[in-house]
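Observations on chain architecture
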Amino acid sequence: MALIDDVKDYLDITWEMDAGELKKLSGMIERGKEYLQGKIGNCDFESETREKALLLDYCMYARAGQIPDFQKNYHSDIIALQMNRWRAKQNAENTG
């Protein structure tokens, strides 16, 4: 299933979207990906990962016009992912 289909499913969008709606949803997805990758680094949005779950939640908040609330409510999740990436990098450097 394509990422846009996963987002549509998560947001309970069950109707056929017109071109304008698809463009708007695609923009939300791309902005969410950019935001999360800017905070976390390289992300896997295709597999069932924490990054993908955050992207789905980002889209839900963006659709409701509440991105500042997303940033506040998921701040600790983003910090945790940053720390996990940092630890993994440190471990790789220490073992390599």
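So, here's what we can say about the structure. Predicted model, so just to flag it, every value in this text is computed and none were measured. (Residues numbered from 1 in each chain as written. Predicted model: local features only at pLDDT ≥ 70, side-chain atom pairs only at ≥ 80, totals over all residues. Heavy atoms only, no water.)

Grouped burial of nonpolar side chains is what soluble globular proteins tend to show. Core analysis: the biggest nonpolar cluster contains 24 residues, and Val7, Leu36, Leu54 and Phe70 have the highest contact counts within it. At the level of elements, α1 (3–10), α2 (19–40), α3 (50–63) and α5 (75–95) are the ones that each hand at least two residues to this core. With 7 residues, α3 is the single largest residue contributor to this core. Residues contacting Leu36, with those up to four places away along its chain left out, are Gly41, Cys43, Phe45, Glu51, Leu54, Leu55, Phe70 and Ile78. (Core = buried A, V, L, I, M, F, W, Y, C linked by side-chain atoms within 4.5 Å. Buried < 20%, exposed > 50% of the residue type's maximum accessible area, 1.4 Å probe, protein only. Helix = DSSP H or I, 4+ residues; strand = E, 2+ residues; numbered from the N terminus. Contact = heavy atoms within 4.5 Å.)

Here we take up α1. Along an α-helix, residues three or four apart share an orientation, since each turn contains 3.6 residues. Of all the residues in α1, the buried ones are Leu3, Asp6, Val7 and Lys8. Contact partners of the buried residues in α1: α2 and α3.

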